[in-house]
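Single-letter residue listing:
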Amino acid sequence: MSIKIDHISKRFGGFQALDDVCLEVPTGSLLALLGPSGSGKTTLLRIIAGLETADSGKILYDEIDVTNKPPRQRNVGFVFQSYALFRHMSVYENVAFGLKVRRSPRAEIRPRVMDLLKMVRLDGLEKRMPGQLSGGQRQRVALARALAVNPKMLLLDEPFGALDAKVRVELRQWIRKLHDEIHITTVFVTHDQEEAFEVADQVVVMNKGKIEQAGAPQAVFDAPATPFVMDFLGNVNVFQGRVEGGKIVLGGMQLAYSGSHVDGTQATGYIRPHELDIDHVASARSSLKARVTQVNAAGSVAKIRVVAEEFGLALNIDISPDRYAELQLKRGDEVYVSPKNIRVFSPDDYVI
Amino acid sequence: MPPDARPKSTGGGSHVASRLAQQDPAFVRWLLILACVAVMGLLVVLPVVAVFAEAFREGFATYWANITEPDTIHSIGLTLFVAPIVVVVNVIFGLAAAWAISRFQFRGRTILTTMIDLPFAVSAVVVGLAFMLLFGQQGLLGPWLKSLGIEVAFNVTAIILVTTFVTLPFVARELIPVMEAIGSDEEVAAVSLGANGWQIFWRITLPNIKWGLLYGVILCNARAMGEYGAAAVVSGRIEGKTQTMPLRIEYLEQSFNSPAAFAVASLLTLLAIGTLVLKVWVERLTRQEIQEAARAADTGGAH
Amino acid sequence: MASLANRRVLPGFRMSVSFTLMYLAVLIVVPLFAVLLRASSMTTADFVRAVWTPQARAAYALTFGASLIAAVIDVGLGLLLAWVLVRYDFPGKRILDSLIDLPFALPTAVAGLVYSSLYAPKGWMGQFLVPLGIHAAYSRLAVVVVLVFIGLPFVVRALEPVLESLDPELEEAAACLGASRWTTVWCVVIPHLYPAILTGFALTLARGIGEYGSVVFVSGNKPFQTEIAPYLIVQKLEAFQYKEATAIATVLLAASFALLIVINFLERQRARHAT
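Fair warning: this is a prediction, and the values are worked out from it, not measured in the lab.

1. Topic: the overall build of chain C
Next, step 1: Secondary structure summary: chain C contains 14 helices and 0 strands in total.
Next, step 2: Each helix and strand of chain C, placed in order from N terminus to C terminus, yields the pattern α-α-α-α-α-α-α-α-α-α-α-α-α-α.
Next, step 3: In chain C, buried positions account for 62% of the 275 residues.
Next, step 4: Restricting the contact set of chain C to residue pairs at least 6 apart, pairs at least 24 apart contribute 73%.
Next, step 5: With the model as given, the accessible surface of chain C reaches about 10800 Å², and the carbon-plus-sulfur share is 70%.
Next, step 6: The distance from the centre of the 20 positive side-chain charges to the centre of the 16 negative ones in chain C is 10 Å.

2. Some thoughts on the overall build of chain A
Next, step 1: The helix and strand inventory of chain A stands at 10 helices and 20 strands.
Next, step 2: Oriented by its inertia axes, the alpha-carbon framework of chain A measures out at about 75 × 45 × 35 Å.
Next, step 3: In chain A, which comprises 352 residues, the share counted as buried stands at 51%.
Next, step 4: In chain A, the proportion of contacts linking residues at least 24 apart, taken out of those at least 6 apart, comes to 66%.

3. Describing the domain arrangement of chain C
Residue and element names in this part refer to chain C.
Next, step 1: Under the domain assignment used here, chain C contains domain 1 (1-41) and domain 2 (53-274).
Next, step 2: Placing a centre on the C-alpha atoms of domain 1 and another on those of domain 2 gives a separation of 31 Å.
Next, step 3: In this complex, domain 1 contributes 5 residues to the contact, which on the side of domain 2 involves 4 residues.
Next, step 4: Of all residues in domain 1, the largest losses of buried area upon contact with domain 2 belong to L32, V35 and R38, amounting jointly to 69% of the total for that side.
Next, step 5: For the interface between domain 1 and domain 2, the tally reads 0 salt bridges.
Next, step 6: Run the count over domain 1 and domain 2 and you get 0 residue pairs in polar contact (both at pLDDT 80 or more).
Next, step 7: The residue makeup of the side of domain 1 that touches domain 2, split by class, is 4 nonpolar, no polar and 1 charged.

4. What about the interface of chain C and chain B?
The parts lose accessible area when they come together, and the size of an interface is often stated as this lost area.
Next, step 1: Tallying the contact residues gives 104 residues for chain C and 113 residues for chain B.
Next, step 2: For the chain C face of the interface with chain B, the top three residues by lost area are Y88(C), F104(C) and W124(C), together amounting to 7%.
Next, step 3: At the junction of chain C with chain B, the criterion picks out 4 salt bridges.
Next, step 4: Close ionic contact of K279(B) with D101(C) constitutes a salt bridge, the shortest N to O distance being 2.5 Å.
Next, step 5: One can count 17 residue pairs in polar contact (both at pLDDT 80 or more) joining chain C with chain B.
Next, step 6: For the side of chain C that touches chain B, the element with the most residues is helix α2 (residues 13-40) of chain C, which contributes 18 residues.

5. Brief notes about the packing of aromatic side chains
Residues and elements named next belong to chain A.
Next, step 1: The final tally for this structure, using the stated rule, is 29 aromatic pairs over all chains.
Next, step 2: With a centroid separation of 6.4 Å and 75° between ring planes, the pair formed by F160 and F188 is classed as edge-to-face. Of the two residues, F160 is situated in the loop between β7 (153-157) and α5 (165-182) and F188 in strand β8 (residues 185-190); the sequence distance between them amounts to 28 residues.
Next, step 3: Assessed through its relative accessible area of 2%, F188 is described here as buried.

6. Re the environment of E198(A)
Residues and elements named next belong to chain A.
Next, step 1: The residue E198 is located in helix α6 (residues 193-199) in this model.
Next, step 2: A sequence separation of 152 residues divides E198 from R46, and the C-alpha atoms of the two residues are 23 Å apart.
Next, step 3: Apart from residues lying up to four places away in sequence, E198 is in contact with R172, Q173 and R176.

7. Some remarks on the sheet that holds strand β2 (residues 15-25) of chain A
Residues and elements named next belong to chain A.
Next, step 1: Taken together, 4 strands build an open sheet; the order of strands is β2-β1-β4-β5 and the sheet is antiparallel. Of all the strands in the sheet, just β2 and β5 (64-65) have a single pairing partner and so form its edges.
Next, step 2: Direction of pairing for strand β1 (residues 3-12) relative to β2: antiparallel, over a ladder of 7 bridges. If you follow R11 over to β2, its bridge partner there is Q16.
Next, step 3: Strands β1, β2 and β4 (56-61) of the sheet are contacted by helix α1 (residues 41-49), whose axis makes an angle of about 120° with β1.

8. As for the sheet that holds strand β20 (residues 343-345) of chain A
All names here are of chain A.
Next, step 1: Spatial ordering of the open sheet is given by β13-β12-β11-β14-β20, a layout of 5 strands whose pairing is antiparallel. Looking along the sheet, the strands with just one partner apiece sit at the ends: β13 (253-256) and β20. This sheet shows a mean twist of 40° between the axes of neighbouring strands, independent of strand direction.
Next, step 2: As judged from the 4 bridges shared by strand β12 (residues 247-250) and β13, these two strands associate in the antiparallel manner. Note on β13: the bridge partner recorded for L250 is M253.

9. Considering the interface of chain C and chain A
Next, step 1: Listed as interface residues are 18 residues of chain C and, on the opposing side, 24 residues of chain A.
Next, step 2: Of the roughly 1800 Å² buried between chain C and chain A on both sides combined, carbon and sulfur atoms contribute 65%.
Next, step 3: Looking only at chain C, the three residues that lose the most surface to chain A are E169(C), C176(C) and L177(C), adding up to 37% of its buried area.
Next, step 4: At the junction of chain C and chain A, the tally comes to 1 salt bridge.
Next, step 5: Its salt-bridge partner being R46(A), residue E172(C) comes within 2.5 Å of it at the nearest N-O pair.
Next, step 6: Among the secondary structure elements, those contributing two or more residues to the side of chain C that touches chain A are α10 (168-176) and α11 (181-210) of chain C.
Next, step 7: Counting residues per element, the side of chain C that touches chain A draws most heavily on α10(C), which supplies 7 residues.

10. Considering a nonpolar patch on the surface
Next, step 1: A cluster of nonpolar side chains, namely L140(B), L141(B), W144(B), L148(B), I150(B), V29(C), F33(C) and L37(C), defines an oily patch on the protein surface of about 760 Å² accessible area.
Next, step 2: At 3 residues, the largest contribution of residues to the nonpolar patch is made by α2(C).

11. So, helix α7 (residues 108-119) of chain C
Next, step 1: Between its terminal C-alpha atoms α7(C) stretches 17 Å, which fits the 16 Å expected from 12 residues at 1.5 Å a residue.
Next, step 2: For α7(C), the complete set of buried residues consists of T108(C), A109(C), V110(C), A111(C), G112(C), L113(C), V114(C), Y115(C), S116(C), S117(C), L118(C) and Y119(C).

12. A word on the pairing of β7(A)
All names here are of chain A.
Next, step 1: In terms of residue burial, β7 counts as a mostly covered element, since 5 of its 5 residues are buried.
Next, step 2: Along β7, one buried face is formed by M153, L155 and D157 and the opposite face, lined by L154 and L156, is buried too.
Next, step 3: Handedness of the crossover is the feature at issue here: the chain leaves β7, passes through α5, returns alongside β8, and the resulting connection is right-handed.

13. Describing the pattern of salt bridges
Next, step 1: Tallying each qualifying case throughout the model produces 40 salt bridges over all chains.
Next, step 2: Between R57(B) and E54(B) there is a salt bridge whose closest N-O contact spans 3.0 Å.
Next, step 3: Given a relative accessible area of 54%, R57(B) falls into the exposed group.
Next, step 4: The class for E54(B) is buried, based on a relative accessible area of 13%.
Next, step 5: Because the salt bridges share partners, they merge into one network encompassing K279(B), E283(B), D97(C), D101(C), R157(C) and E160(C).

14. Describing the domain arrangement of chain A
Residues and elements named next belong to chain A.
Next, step 1: One can read the domain layout of chain A as domain 1 (3-232) and domain 2 (237-345).
Next, step 2: When each unit is reduced to the centre of its C-alpha atoms, the spacing between domain 1 and domain 2 is 40 Å.
Next, step 3: At the junction of the two partners, domain 1 supplies 7 residues and domain 2 supplies 4 residues.
Next, step 4: When domain 1 packs against domain 2, the two sides together hide about 640 Å² of surface, and 65% of this comes from carbon and sulfur.
Next, step 5: Looking only at domain 1, the three residues that lose the most surface to domain 2 are F221, P227 and M230, adding up to 72% of its buried area.
Next, step 6: At the surface where domain 1 touches domain 2, the tally comes to 0 salt bridges.
Next, step 7: Where domain 1 meets domain 2, there are 2 residue pairs in polar contact (both at pLDDT 80 or more).
Next, step 8: Of all elements in the fold, only α7 (217-222) and α8 (227-232) reach the threshold of two or more residues within the side of domain 1 that touches domain 2.
Next, step 9: Taken together, the residues of the side of domain 1 that touches domain 2 break down into 5 nonpolar, 1 polar and 1 charged.

15. Examining helix α11 (residues 197-226) of chain B
Residue and element names in this part refer to chain B.
Next, step 1: The end-to-end C-alpha distance of α11, which contains 30 residues, comes to just 36 Å, noticeably less than the 44 Å that a straight helix rising 1.5 Å per residue would cover.
Next, step 2: The largest bend along α11 reaches roughly 60° and is located at K210.
Next, step 3: Between the side-chain oxygen at the start of α11 and the backbone nitrogen of W198 there is a gap of 3.1 Å, and the oxygen is on N196.

Cut-offs used in this document
Residues numbered from 1 in each chain as written. Chains lettered and ligands numbered in written order. Predicted model: local features only at pLDDT ≥ 70, side-chain atom pairs only at ≥ 80, totals over all residues. Heavy atoms only, no water. Helix = DSSP H or I, 4+ residues; strand = E, 2+ residues; numbered from the N terminus. Buried < 20%, exposed > 50% of the residue type's maximum accessible area, 1.4 Å probe, protein only. Contact = heavy atoms within 4.5 Å. Areas by Shrake-Rupley, 256 points an atom, 1.4 Å probe, with all protein chains shown as cover. Lys, Arg positive; Asp, Glu negative; His and termini not counted. Charge placed at Lys NZ, Arg CZ, Asp CG, Glu CD. Domains from an automatic or database assignment. Buried area = accessible area lost by both parts, 1.4 Å probe. Salt bridge = Lys/Arg side-chain N within 4 Å of Asp/Glu carboxyl O. Polar contact = N/O pair within 3.5 Å; in protein donor to acceptor, adjacent residues only side chain to side chain. Nonpolar A, V, L, I, M, F, W, Y, C, P; charged D, E, K, R; others polar. Phe/Tyr/Trp six-rings, centres within 6.5 Å; stacked < 30°, edge-to-face > 60°. Pairing = 2+ DSSP bridges. Axes fitted to C-alpha atoms, helices over the stretch in contact; angles between N-to-C directions. Patch = residues over 30% accessible without salt bridge, like charges linked within 9 Å, V, L, I, M, F, W, Y side chains within 5 Å. Expected span 1.5 Å × (residues − 1). Right-handed = clockwise from strand over helix to strand, strands pointing away. Bend = angle between axes of the 7 residues up to and from the residue.

Here is the structure:
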């Protein structure tokens, strides 16, 4: 089932949680609402489920207006951040709850519940109480319970938030696999960009109650539409400069970039750490003289921190361990830094 | 059983369910509110109103005469004499017990906590009996004490003893959770700065627990002034000698002097109302202090 | 939380513990020990004869029966009051909330006095109820009514914090799964309150069994009919029958201990559940 979010706004007292949000979630997609806390992503999810009413705007399921329908008539599977398992019911009773309250025939409940428990790999644990399960298992019970009533869509609020790092990675790979099997329209909320990019096939970046950018993960990552997205998607080096002759000028350095601004515009340049190259000698490309202040080679990339004393600019640079071994960098070395890629935003680009 | 010791109200108003899925239909809401008002009206408000109505039934002059009757004056005096002693003794005990239980780990700590709860569960009459078995004429200690010229049974001393027993948990039970919640960090810091025990108590602990302590004192006092069952057994109910206010009420009721009984009852009802008002006031102060502390922590964290 | 290391760091360990122990020993252990000592000086046959008279049996039945009924009623009223006070906002809520504690603060003798006069045949309530055949003074019903009053705060105050901290997502989950509001409350919310309900129930029960002051005023104290066990003890004492009084007191004491253990167990369960 497709979801259409049509000019939704929501205000909590003096706080604008959602500001005229429009979004379409196509049937069968797996979409991530990504943003910092307070960006309105959870409120949007709750409005989709009917747990919150919007001040204005409409929600349509398959082009049918459901804005005024209560949650229990919407047939939505919702997995809560706290899982909200019923503590006094066994795993079996939790999963069967939705079927029982919808008065499914008794004979159908048991096989359906057992099937679901098998699917979420909890077969054999049906008699356990929620208190006897691990975090990951509880999460899967919550998922099975939400799926039991054959919902038309699945909504998940920070589904991996409460789990420890290892279980989190396992579970999100598993959710991706599950979605490939059952193809139910799924929306989940997260503040972790890595999670969003790994699991979703559509990413919607939100900030201050508005959608900053929506698109496929690769597209969003490669071409961030706004400085916020650029900033939010990970470590980034920021330059303040001026546009001259199609290039951004930063002190004595001129850098070419794709895009065009009028000469003389104040602009901000963004370069990701892995988009900077480092060498002992100045390269043919324009490069910046800097001094190494910190080296951290533990991990899959070597993280180098340098300072371009001329401009008082500190930069983070990621290089491969091979390259690191080749360069033999240590603190205090004089190096030359050259960007492989740069994105430039001027204030005019995103101020309406 | 902590809820017994601290029937703490939540202050109300702050926690009203705002989520859509938690809301009940308006007619259900009003029906239930109405039911509550009816229950409280019938069970609580009506009796309180009735106490004053009965007390003033024969006019203010009679009321005044009933209250100023010498034996009644004596019973008021006795109650006002017994309650402060009991409160002071139980405050000292409460502070010591809370310090021991919340600041140290030792074997038998749980048993100690359970023992403090015991007076909640034991019937006041059984308490009275127990003290009679100790101090009565046939009691374990009674004859020996009498040979020393000390009479406990049918005496004010016995009333003080049983009242102390019955109200023993209130201060301690109020302080233990407060002190556990505050933790001992500040006191340990004070020790490391060279403070001695009394300095720590007066400068660190007491300012931190003052509202909890006051709350315990209020409850302890209300129960001490109202104690009836145990006092009835050990006092001998001697008019003008060992008759506390609750015992005076019983005596007047049995001598068919209902307006006088209600006159004394009206004083104790005022005490109960005063207790509730004080309780609300202390809770408000505590809440304010918590909010101020939170605000201070917020602004402190911003730097 | 206090840690083992604190024993050495903070002063006053020995003083506070020894004072607490001494105080409890003198005030609680010695008197209760005196009761058990006196009881154990009786032969088993004597003890049984004192404890199991028809009059005593009637008194136990009333004490335990009335306390049980009152506790059940208080659970119902407590649920209603806690629900309304936690979930709804309405004018006068603050006052209603503070009135809940009145039965706790009001001396029991006053409660007994005023309840007996309210429901007596000429009282404010009695003048309407007695013609209908409802005798809520000097009857067994009177005992139940006054115990309902006495126990009112316990269930409410046990329920309020639990209801307040109840995860709102539970109700939302039930709604998303298609449950009606009614089903959600009965099948999801109330079961989550069971431990608190049980604690409140046990507290009310314990209070009811031990209650004396209010009941003697309203019951009429007619042997075999409206006489409660604590009243029987007082009667035996006034007749200087210390052995009989002690024996009956031992039965009440045993019931109190049992309830105290149950309540402590419930509290510990709840503390463990909360973490």
